Amino acid sequence: MAETSQEQAIGTIEQPTPYENEEAQAGFLKVSAPMMGLTWLTFGILAFVLYKIAWKPVLSALDNREKQISAALDEAEKTREAYAEIEQQRQKLIDEADAKAREIVEQARKAAIESAQIIEAKARDEAGIMLANAEREITTAHAAALADLRRESADLAISLSRKILADQIDEPRSRDIVKRILEKV
Amino acid sequence: MTGTVAAIGAGLVAIGAALGIGKLAAASVEGIARQPEAAAKIQGAMIITAALIEGVALFAAVVCLLEVLK
Amino acid sequence: MAAASTTAERTQAVKDYVFSHVSNSDHWALPFFDVHLPGWLTLHGLMLIVAALILIALFGLAFRRNDRVPRGLAGALEAIVKFVRDNISIANLGEEDGRRMAPLFCSLFFFVLTLNLMGIVPLFATATGNLGVTTALALVTLGVMIGGAIYKNGLIGFAKAFVPAGIPIPVLIILAPIEFMGMFIKTFALTIRLFANMLAGHIVIFVLLGLVVIFGGIALPSVVLAIGIDLLEVLIAPLQAYIFTLLSAMFIAQIHHPEH
C-alpha cells in the first residue's frame, strides 16, 4: 500500500503531501516481506559468489601461507641446529688439532732436551777421559822425568866424583863411598 | 503530547546510557592505567560493550520514535 | 518545505523531510533525474543489489591475479578477511568450526559494512536503516543458530541447549522457555541494534542540519556538529558491522556449544 500511495506522489515529489509523509513515517518502522525476500536473495547470491571468488581462494591462501611460514620457520630452526652442530664439530676438530700440535711440540722439546743431555754427558765423559789420560801422561812423564833426573844426577855425581876422586882415591873405594851415599839418598 | 512524553523517555534513556558508558569508560581507563600493556584488549572489549549499551539506548530511542510517529 | 514560514511549520517540514529521507522509497533522486523503481525493488532494495555488485567487483578485481603475496587492495582486503576469521569466527567457534564458518561471517561482515558505508556516501541510501533488511540478516543468523545446532547436535542436542545442567526441575520449567525465548530476543536485539544505530545517526545529522532551516543563521554552529556526527558515522559503520558479525558468531557459538 505504501507503493500505491508513493506512486501517486511521484508527480509531487518536490512538495511531499502530508499524506505521503504519514505513509513514509509509518513505513520506516515496518518490516516489508518483499524487502526481506530481496535481502535473503541478494545475500544468498552474494555469499555464494564471494565464496567462489573470494573466501575460498583467500582463506586457502591464508592457510597455505600460514603453513608455509611455519614450515619455513621449522626449516630455519633445523638449519640453525645443523649449523650449530657443524660449528661444534669444527670447534672440536680445531681443538683436537691444537692439542696434537701442542703434543708434537712438547715431544720435540723433550727429545731435544734429552739429546742435549746425552750430548752433554758424552762430552763430559770424553772430557773426563781426556783429563784422566792427560793426568796419566803427566804422571808418567813426571815419573820418567824424575827417573831421568835421578840417573842424570847420579851420572853427573859419578862423573864429578870420578873427577874429584880420580885425584884422591882409587876406583873401588870411591865405588863404596858412592854406594853409601846412594843408599842414603 | 505523546511527543513530549516520548522526548522525556528519550532523555531518560540518554541518562541511563550515559551512566552505563561512563562507568564502562572509567573502568577501562583505570584498567589501562594499571596495565598499559593490555590497552589494546581493554579497548576492544570497551568498544564492544559500548556498542552493546548504545544498542540498548537506541532500542529505547526507537520505541520513543514509535511513540512520536503514532 | 521551501514555502514554510512559521517555526512550527518549518519544524514540521524538516521532520517530514528527515523521515522521508531515512524511509524507503520507490524512487532514486539523482542530481539531474529521478529514477523510478518498481515496487518489489524500492530504493533500499536497489542499494542491496548495488552493494552486492560493488563487493563482487571489488573482490573480483582485487583477487583476479593469484599472487603468492597479495599487495595493495588485495592485501588490505585479505587483512580484514583474516581479522574476521581469527577474531570473530575462530575466537568464538573454536579452531575447526571457526575455519569452516569463516566464509559466512566474512560475507555478513562485508555486506553489512558496505551497506553501512553506502549510507554515508551522498546519493546512496542506508539499506541497513531498513528494518526489513536487518530483520532478514538477523534471521540468517537465527537460521544458522537453529539449523546448525540441529545439524551438529541433533534435535535432542539442540533441545538440551535450553536445559542448563545441574538445575532443579521446578526452576527448569520456568528457565527453559526463557532460554528458548532468549534465542529470539537475541535475534530481535541484533535486528534493532543495527537498524537503530544506522537510522539514528542519519536522523541526528539531518535534524542538526534542519535546525538551521528552522532557526536560521543562529543555528549555524550545528553544522559543525553535524559534520562531527558524520565523521562519527564513518567510525560507527565498520563498528556496527563488526558488532553485528561478532554477536552473530557469539550467539551461534552459544547454541552450537551449549556446554560452554
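Note that the coordinates shown come from a computational prediction; the quantities given were computed from them, not determined experimentally. (Residues numbered from 1 in each chain as written. Chains lettered and ligands numbered in written order. Predicted model: local features only at pLDDT ≥ 70, side-chain atom pairs only at ≥ 80, totals over all residues. Heavy atoms only, no water.)

1. Overview of the interface of chain A and chain C
Much of the literature gives interface size as the accessible area that the parts lose upon coming together. To keep it simple, the criterion reads: Contacts are assigned to residue pairs with any non-hydrogen atoms lying within 4.5 Å of each other. Reported buried area values correspond to the accessible surface (1.4 Å probe) lost by two parts on association, with both partners' losses combined. A pair is scored as a salt bridge if a Lys or Arg side-chain nitrogen falls within 4 Å of a carboxyl oxygen belonging to Asp or Glu. The term polar contact refers here to a pair of N or O atoms within 3.5 Å; inside protein, the definition further demands a hydrogen-donor-capable atom paired with an acceptor-capable atom, and it admits residues adjacent in sequence only when both atoms are side-chain atoms. Helix and strand assignments follow DSSP, with helices taken as H or I runs no shorter than four residues and strands as E runs no shorter than two, numbered in order from the N terminus. Residues are sorted three ways: Asp, Glu, Lys and Arg are charged, Ala, Val, Leu, Ile, Met, Phe, Trp, Tyr, Cys and Pro are nonpolar, and all the rest, Gly among them, are polar.
Listed as interface residues are 36 residues of chain A and, on the opposing side, 51 residues of chain C. Both faces combined, the contact of chain A with chain C buries some 3,900 Å², and carbon together with sulfur accounts for 71% of it. Looking at the side of chain A facing chain C, the largest losses of area belong to F28, F43 and W55 of chain A, adding up to 18% of the total buried there. The closest approach of N and O atoms between E66 of chain A and R85 of chain C, which form a salt bridge, is 2.7 Å. Scanning the region where chain A abuts chain C turns up seven residue pairs in polar contact (both at pLDDT 80 or more). Sorting the residues of the side of chain A that touches chain C by element identifies helix 1 (2–9), helix 2 (18–27) and helix 3 (33–168) of chain A as the ones contributing at least two each. The greatest single-element share of the side of chain A that touches chain C, amounting to 23 residues, is contributed by helix 3 of chain A. Residue composition of the side of chain A that touches chain C, grouped by class: 23 nonpolar, seven polar and six charged.

2. Quick look at the packing of aromatic side chains
Operational definition: Here is the rule: rings of Phe, Tyr and Trp (six-membered ring for Trp) pair when centre to centre is within 6.5 Å. Planes less than 30 degrees apart are stacked, more than 60 are edge-to-face, and the remainder are tilted. Relative accessible area decides the class of each residue, using a 1.4 Å probe on protein chains only: under 20% of the type maximum gives buried, over 50% gives exposed, and in between gives partly exposed.
This model, assessed by the stated rule, comprises twelve aromatic pairs over all chains. Taking 5.1 Å as the distance between ring centres and 70° as the angle between the ring planes, the aromatic pair formed by W55 of chain A and F59 of chain C counts as edge-to-face. One end of the pair, W55 of chain A, is in helix 3; the other, F59 of chain C, is in helix 2 (residues 42–62), on a second chain. Like F59 of chain C, W55 of chain A is buried. Arranged with centres 6.0 Å apart and planes meeting at 40°, the rings of W28 of chain C and F124 of chain C form a pair that is tilted. With W28 of chain C in strand 1 (residues 27–29) and F124 of chain C in the loop between helix 4 (95–120) and helix 5 (131–160), this pair connects stretches of sequence that are 96 residues apart. Given the relative accessible area of 15%, W28 of chain C is considered buried. The class of F124 of chain C is partly exposed, set by a relative accessible area of 27%. Taken together, the aromatic side chains of W55 of chain A together with F59, F63, F109 and F110 of chain C make up a single cluster linked through ring pairs.

3. Some details on the side chain of T42 of chain A
When you line up the elements, T42 of chain A lands in helix 3. Judged by relative accessible area, which is 7%, T42 of chain A ranks as buried.

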